[in-house]
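One letter stands for each residue in the lines below.
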Amino acid sequence: MPMNIFTIVDKAGGPDRPVSVSPGLTLAQHLYIEGAFDGRPLCSGAGRCGKCAVLFEPGAPAPELAEERVLEPERLEQGWRLSCARPPLPGARVRVRLAPERTPPPAPREVCPGAVLGVDLGTTSLHWRFERGDEALGRALPNPQLGAGSEVMSRLALARVPDGARRLRRAVVLAVREAVAALPCLPGGLCLAGNSCMTFLALGMDPSGLAAAPYRLDWPGGDFAELDPELPRVYIPPLLAPFVGGDVSAGLAALEFSGAAPRAPLLLADLGTNGEFALTLPDGRVLVASVPMGPALEGVGMSRGMLAGPGAAVSFALTPAGLAPRLYEGSAGPLRGVSGTGYVSLLARLRAMGAVEATGRFAREAASPLAARALAGLRREADGAPVLDVAGVPLHGSDVEALLAVKAAFESAVGILLETAGLRFADLHEVLLAGALGEHVSPADLETLGFFPPGGSARVRAAGNTSLAGACLAAGRADVREWLAGLPGRTRPVDVVSSGGFQRRYLDAMRFDHAR
């Protein structure tokens, strides 16, 4: 066998598949291109979730430190390894399940001119909504690109390889085609709103301008494009900056055409793997910014993390029996994992009772009987890493650190954006939360963890999926698209990450209290 080839042994029973090694890609990325990890949320090479584990047969390479932390000794001995933690090994045989090739289902033949389909394409999830008069259908599902990694840069790395770019595009097109096939008729209007990276990948455009600094946006959106020949041309809302996309512009349109447009200054925060912010000012200008936040808010990469869904703890309450989880939409047990908002809630409860210090460390001494009860579950793993067993969940120190990094990124970005506008947090009429955080999180929990200054949660409310609402409006209304066409001309991107004060602010904000 040539030295640049490894072999996939398909657990689904398909024939062995020789694969050429593409330099610069991990084994997990090679496997995703071939059909593995379909829709499975991976942690993008952080070596934490363990969901990319594959079996070498025989002759597994020596385990890395991350593999020794995540995989049990018995599995390591059997030859299981994390495919995100290593490149392919030429000559190796790797056992993994490959998804069968799916053919896009036919679209409905009947066209309903007044019907619309809005699609919100997030890094982690895909939401769609069909509207025809008073009739509405919709669904939320994991982004089918998740098997390529849970954050933007992992997708961009894979898109450098033609087969990777085709796989990423096909995954989204297939998901939209399957949604359309379930509709009673073909909608006359279609709008896809997503961050700039997801938009470029879905449309098959070259995303290289987004892959390395200095970042550039090679197509501004605000126009119709072809997603698939079998579908109507899709409207893409304006892409406002390299990492502030049509999801934010669609969200602003949803607020503008809501019938009671909120007063400026207003901050719209669309929070997920990438934090996107839009600050509307009284004179009509809009300042936008983005900051990497990691997948923790989506529940990805956390020790017991999962996407919000049946069996996921989305919040925790203090009961006479101690902390207890509240499951997604009242679903019955058992507890399968914890969503991102569930981790926010759990940490807020522990922080309020004094079991977690402002630094993010588990308290050495209990500040209250409640804290003592919670800290009774504190233990250390073999490598010395702390774990707190509480409310049926093993909360690792690394989980706390991941949420602390999200908080620091949020506080730093918002602080720089407000400073650029000459405003204070107290000057804002309202803060609207959208995205992964916006539908289930408690603003009071965020204040407890220092996302907002004391008393700041009174100005904060959940706005729901503003991107999807705006996409449905833009799909069917020319006046909404006309308003969106004028948005880029009064929008100014603010590069908060490259700001001279970002690193200092970020370090100061690495505490569960408000730094400024």
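Provided above is the structure to which this section pertains.
A brief look at the structure comes next.

About the criteria used
- Residues numbered from 1 in each chain as written.
- Predicted model: local features only at pLDDT ≥ 70, side-chain atom pairs only at ≥ 80, totals over all residues.
- Heavy atoms only, no water.
- Helix = DSSP H or I, 4+ residues; strand = E, 2+ residues; numbered from the N terminus.
- Contact = heavy atoms within 4.5 Å.
- Disulfide = S-S within 2.5 Å.
- Buried < 20%, exposed > 50% of the residue type's maximum accessible area, 1.4 Å probe, protein only.
- Expected span 1.5 Å × (residues − 1).

Turning our attention to the environment of Met153. For Met153, the location among the structural elements is in helix H4 (residues 152-159). Taking the C-alpha atoms as reference points, Met153 and Ala462, 309 residues apart in sequence, are found 28 Å from one another. Filtering out sequence-adjacent residues up to four positions away, Met153 remains in contact with Leu210, Ala211, Tyr215 and Phe243.

Our next topic: the state of the cysteines. Under the counting rule described, the total for this entry stands at one disulfide. Sulfur-sulfur distance for the disulfide between Cys112 and Cys185 comes to 2.0 Å. Disulfide Cys112-Cys185: torsion about the S-S bond near -125°, hence left-handed. Of this pair, Cys112 sits in strand S6 (residues 111-121) while Cys185 sits in the loop between helix H5 (162-181) and strand S9 (186-194), and the two are 73 residues apart along the sequence. Residue class for Cys112 comes out buried when judged on its relative accessible area of 6%. Here Cys185 falls in the buried class, since its relative accessible area comes to 0%.

Here we take up helix H10 (residues 397-421). The terminal C-alpha atoms of H10, which comprises 25 residues, lie 37 Å apart, in line with the 36 Å expected from a rise of 1.5 Å per residue. Phi turns positive one or two residues past the end of H10, at Gly422, with a value near 70°.

A cis amide bond, omega -25°, links Glu57 with the succeeding residue Pro58. Among the secondary structure elements, Pro58 is positioned in the loop between strand S3 (53-56) and helix H2 (65-70). In the segment running from Ala213 into Pro214, the intervening peptide bond is cis, with an omega of -5°. Along the chain, Pro214 turns up in the loop between helix H6 (196-203) and strand S10 (223-225).

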